[in-house]
Amino acid sequence: MLLPVAKTVKCKVGRATLTPHKPCLRLNIIGNTVCVFVCVFCCRIVQEQCCVTVLEDNMCTIGINVAKEQGACDSLLTSTCETKTTKMCCDCCLLGRAAHELDVPCDHSLSVGYQCKIFVCAHLCVGNNTCGCLKGYKLRPDGKSCEDINECLLGSSNCRVGERCINTEGAFRCIREVSCGTGYELTESNNCKDIDECETGIHNCGQQFECQNTQGSFRCIPKVKCGNGFIQDALGNCIDINECVTQTSPCNRGHICINTVGSYICQRNSVNCGRGYHLSDDGTRCVDIDECKGPQEVCSGHACINQLGSYRCECETGYNFNSITRLCEDINECRHYPGRLCAHKCENTPGSYQCSCTTGFKLSSDGRNCDDLNECESNPCSQECANVYGSYQCYCRRGYQLSDIDAMTCEDIDECALPTGGHICSYRCHNTPGSFHCSCPVNGYTLAINGRSCQDVDECVTGRHTCAESESCFNIQGGFRCLSFDCPHNYRRVGQTAARLERSDTVRCVKSCQPNDIACVLDPTHSVAHTFISLPTFREFLRPEEIVFLRTTVPVYGSYHLGGYDVKFEILEGNVENAFDILKRVENGVYVGDKDFYVTVICDDSH
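Everything numeric in this text was worked out from a predicted model, so none of it was measured.

*Asks:* Quick question: what am I supposed to make of the overall build of the protein chain here?
*Replies:* A count of helical and extended segments in the protein chain gives 10 helices and 41 strands. Across the 607 residues that make up the protein chain, the buried fraction comes to 26%. With the model as given, the accessible surface of the protein chain reaches about 41,500 Å², and the carbon-plus-sulfur share is 52%.

*Asks:* What is the right way to look at the environment of S310 in this model?
*Replies:* When you line up the elements, S310 lands in strand 18 (residues 310–314). S310 sits in the buried class, given a relative accessible area of 16%. Not counting residues within four places of it along the chain, the set of residues in contact with S310 comprises D288, E291 and R326. Side-chain polar atoms of S310 contact the side chain of R326, separated by 2.3 Å.

*Asks:* Would you explain the nonpolar core in this entry?
*Replies:* Generally speaking, a soluble globular protein has its nonpolar side chains buried in company with each other. The biggest cluster of nonpolar side chains holds 9 residues, and these are C60, I64, V66, A67, C73, L76, C89, C90 and C93. At 4 residues, the largest contribution of residues to this core is made by helix 2 (residues 40–70). Setting aside anything within four residues of it in sequence, one finds L76 in contact with V66, T86, K87 and C90.

*Asks:* Looking at this model, I keep getting lost on the pattern of salt bridges. Mind explaining?
*Replies:* Here the idea is simple: oppositely charged side chains can pair when their charged atoms come close. As enumerated under the stated definition, the model contains 5 salt bridges in all. Residues E147 and R140 are paired through a salt bridge, measuring 3.3 Å at the closest nitrogen-oxygen approach. On the basis of relative accessibility, which here comes to 36%, the residue R140 falls in the partly exposed class. Residue E384 is joined to R397 by a salt bridge in which the shortest nitrogen-to-oxygen separation is 3.1 Å. Highlighted residues: E384 in strand 25 (residues 384–388) and R397 in the loop between strand 26 (391–395) and strand 27 (400–402), separated in sequence by 13 residues. Relative accessible area serves as the criterion here: at 25%, E384 is assigned to the partly exposed category.

*Asks:* I'm lost on the packing of aromatic side chains in this one. Help?
*Replies:* Here a ring pair, both rings aromatic, is described through the centre-centre distance and the interplanar angle of the planes. Scanning all chains against the criterion turns up 1 aromatic pair. Centroid distance F361 to Y389: 4.9 Å. Interplanar angle 75 degrees. Geometry classified as edge-to-face. Note that F361 is positioned in strand 23 (residues 361–363) and Y389 in the loop between strand 25 and strand 26, a separation of 28 residues in sequence. Judged by relative accessible area, which is 15%, F361 ranks as buried. If you follow R326 out to its NZ or CZ, it ends over the ring of Y311, 4.8 Å from the centre.

*Asks:* I'm lost on the UniProt feature "domain: EGF-like" (unreviewed entry) in the protein chain in this one. Help?
*Replies:* Cross-referencing UniProt, the feature "domain: EGF-like" (unreviewed entry) maps to residues 288–329, 330–371, 372–411 and 412–455 in the present numbering. What you have in residues 372–411 is 0% helix and 40% strand, and the ends, taken at the C-alpha atoms, are 29 Å apart.

*Asks:* Honestly, a nonpolar patch on the surface in this entry has me stumped. Any pointers?
*Replies:* Nonpolar side chains collect at one region of the surface, where I518, V521 and L522 lie side by side and expose about 310 Å² of accessible area between them. Residue position: V521 is located in helix 10 (residues 518–522). Note on V521: relative accessible area 42%, which makes it partly exposed.

*Asks:* Quick question: what am I supposed to make of the state of the cysteines here?
*Replies:* Each disulfide consists of a covalent bond between the sulfur atoms of two cysteine residues. Applying the stated criterion to the full structure yields 26 disulfides. Covalent S-S linkage joins C396 and C410, the inter-sulfur distance amounting to 2.0 Å. Because the sign of the S-S torsion sets the handedness, a value of about -95 degrees for the bond joining C396 and C410 places this disulfide among the left-handed ones. With C396 in the loop between strand 26 and strand 27 and C410 in strand 28 (residues 410–412), the pair connects residues that are 14 residues apart, well separated along the chain. The class for C410 is buried, based on a relative accessible area of 13%. With no disulfide of its own, C92 lies closest to C89 among cysteine sulfurs, the gap being 6.3 Å.

*Asks:* Which parts of the structure should I look at to understand unusual backbone geometry?
*Replies:* The general pattern is negative phi for most residues beyond glycine and trans for most peptide bonds. The phi dihedral of S249 falls on the positive side, at around 50 degrees, and the residue is not glycine. Within the element layout of this structure, S249 appears in the loop between helix 7 (243–246) and strand 13 (255–260). Judged by its relative accessible area of 61%, S249 falls in the exposed class. Of note in this structure, S300 is not a glycine but carries a positive phi near 55 degrees.

*Asks:* When you look at the side chain of D194 in this model, what are you seeing that I'm missing?
*Replies:* Of note, D194 is situated in strand 8 (residues 192–194). Put simply, D194 is tucked away with no salt bridge, and the nearest opposite charge, on K193, sits 8.8 Å away. Among the polar contacts made by the side chain of D194, one reaches the main-chain amide nitrogen of G216 at a distance of 2.6 Å. When sequence neighbours within four positions are dropped, the list of residues in contact with D194 reads G183, Y184, N213, T214, Q215, G216 and S217.

*Asks:* Could you clarify how one ought to interpret the side chain of S403 in this entry?
*Replies:* Relative to the helices and strands, S403 is located in the loop between strand 27 and strand 28. Given a relative accessible area of 7%, S403 falls into the buried group. Dropping the residues within four chain positions of it, S403 is found in contact with T409 and E411.

*Asks:* Just checking my understanding: could you explain the pairing of strand 18 for this structure?
*Replies:* The side chains of a regular strand alternate between the sheet's two faces. As defined by bridge partners, strand 17 (residues 303–307) adjoins strand 18 across 5 bridges and the pair is classed as antiparallel. Within strand 18, the position partnered with Q307 by the bridge is S310. Between strand 17 and strand 18, which follow one another and run antiparallel, lie 2 residues, and G309 among them has a positive phi close to 75 degrees.

Basis of the calculations
- In this convention, every chain numbers its residues from 1, walking through the sequence in written order.
- Given that this is a predicted model, residues contribute local features only at a pLDDT of at least 70 and side-chain atom pairs are listed and counted only at 80 or more, while totals for whole chains, interfaces and linings are drawn from all residues.
- Think of the side-chain values as coming from all heavy atoms in the structure, minus any hydrogens and water.
- Numbering of helices and strands starts at the N terminus; helices are DSSP runs of H or I of at least 4 residues and strands are runs of E of at least 2.
- Each residue is placed in one exposure class: buried if its accessible area under a 1.4 Å probe, protein chains only, is under 20% of its type's maximum, exposed if it is over 50%, and partly exposed if it falls in between.
- Where accessible areas are quoted, they stem from the Shrake-Rupley method and a 1.4 Å probe; at the residue level, only the protein chains shown are allowed to cover.
- Any two residues whose heavy atoms approach within 4.5 Å are treated as being in contact.
- In protein, a polar contact requires one atom able to donate a hydrogen and another able to accept it; more generally it is a pair of N or O atoms within 3.5 Å, and residues adjacent in sequence count only if both atoms are side-chain atoms.
- By nonpolar core we mean a set of buried residues, namely Ala, Val, Leu, Ile, Met, Phe, Trp, Tyr and Cys, connected to one another through side-chain atoms within 4.5 Å.
- Any Lys or Arg side-chain nitrogen found within 4 Å of a carboxyl oxygen on Asp or Glu counts as a salt bridge.
- To pair, rings of Phe, Tyr and Trp, with the six-membered ring standing in for Trp, must have centres within 6.5 Å; the planes then decide the type, stacked if under 30 degrees apart, edge-to-face if over 60, and tilted in the middle.
- Put simply, a charge is over a ring when the Lys NZ or the Arg CZ is close to the ring centre, within 6 Å, and near the line of the ring normal, within 35 degrees.
- UniProt positions are given in the numbering used here, feature names are shortened, and annotations may be inferred rather than shown by experiment.
- A patch consists of residues exposed above 30% relative accessible area that lack any salt bridge, with like charges linked at up to 9 Å and nonpolar side chains (Val, Leu, Ile, Met, Phe, Trp, Tyr) linked at up to 5 Å.
- Two cysteine sulfurs form what is called a disulfide whenever their separation falls within 2.5 Å.
- A residue counts as positive if it is Lys or Arg and as negative if it is Asp or Glu; His and the chain ends are not included.
- Strand pairing is assigned whenever DSSP detects at least two bridges linking the two strands.

The following block contains the structure:
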């Protein structure tokens, strides 16, 4: 008689058990309330059959949705029983929609035709043209489609403390936010499980201990148990317990406690004076010892004050009394008062301290502050010294530079060796300590007022030349020349004859024919001019330059008393390697002759 009841209950369980991730096989049998009088095998069959029925309805609903959304069922596979049901419902739905479009009536008693006629539901049809949704979804306002329920946002999840809720389509997941911690591991069900260190062998218990697992840890229990009067240490060793210390008055009054191995004994008390006392002469009482009057000096030079059973030292300034060692110990003032006693450095001394200064400073009269030390008073520099705060600076006079080695010694600067040394003196530079001087060639020059340039000595003016009276002195750069000029035959000198020729001077000879000398008269040359020019040659010519200009005094093509004439310019001598050339041109109606100098030849004083 209980079989229908059992079937009804089992069918409810079968439907409720079905989830998207849990098959209908191997379902647990509910309690014995219903199946007491029914075979367990029968209950399991009923439960699985009801579960399969719900599963077929769900797979059919999936096939209907594919038909509505895609309009075709080709994408569905038929490899399993469930997918065959999905394919069949999809095909039936397409057939029903086609019949509806042709106004062909359908049998409403069929579930598929009923779901696919006019009122189409996204998930479930619950009757009376009403749609429903699967678990984890809710019906949209259109009454047909379904949307996911965000259990995490609504707070309807069952995630525990320390877990974070993550919404999924139609469901949700719980993920731990914090790790399980030492001694635990995370299981596949997102739970923390204790690690049995004893079973896995990851404990550190010694050979004399046994491992006992605890929640999140383990405990090492000694294998050997100690007897009474002993206690076990961390290494498992048995240590004797001093009952005379650990227990309060283990012996009766008038007795003293004496510890033994594993126990203790009580012995009748005899007069035993403690530290600072000694037994009286009659041996009945203890008398205080005056340590301050003993043969041994207990305070090491400090005042001693006797006390009952003890003494104390009255320490001098800079010392503290140590009640444990009962001695006066020096106070390290530099450590107790850092930066408040001395301006620079503090050094502890017995009973006091001493200040000192860093390099460049000296201790002031108050013994604490530091004053700047004038190092220049000890003449550390070879030349000049400038005192600065905490140090000094050496510098040198003009013509010297500070040594890179000691920064105190001044070394001479060789001005002649500097990159600009070649331009300091026009001829030769001589270095001297702290300075330099210039020199000129021994003969023909003298040093100018600026002390650097060489100035030519005019031997013709100073009278240092060696020209004869019949010769004219002509000054040149660095020397002089003795020149003797005679006019050619049938020519005579015009102008006054001087013993000295200027840097640019001209000696002119005009034609003076002898009587009846027809050849002389017919000679077209009327005058001969000798021009003397001193050309300085201390520089090189980088390109041809015009250096001499000779200008005639008569117009070009002018008339002469004997007819037309011409002007000729020639270089008679000194044109070594054709270094000079003559250009003849007309400027302002007169002839002008130029001597050009080419860069390929260097001109010297002999030209």
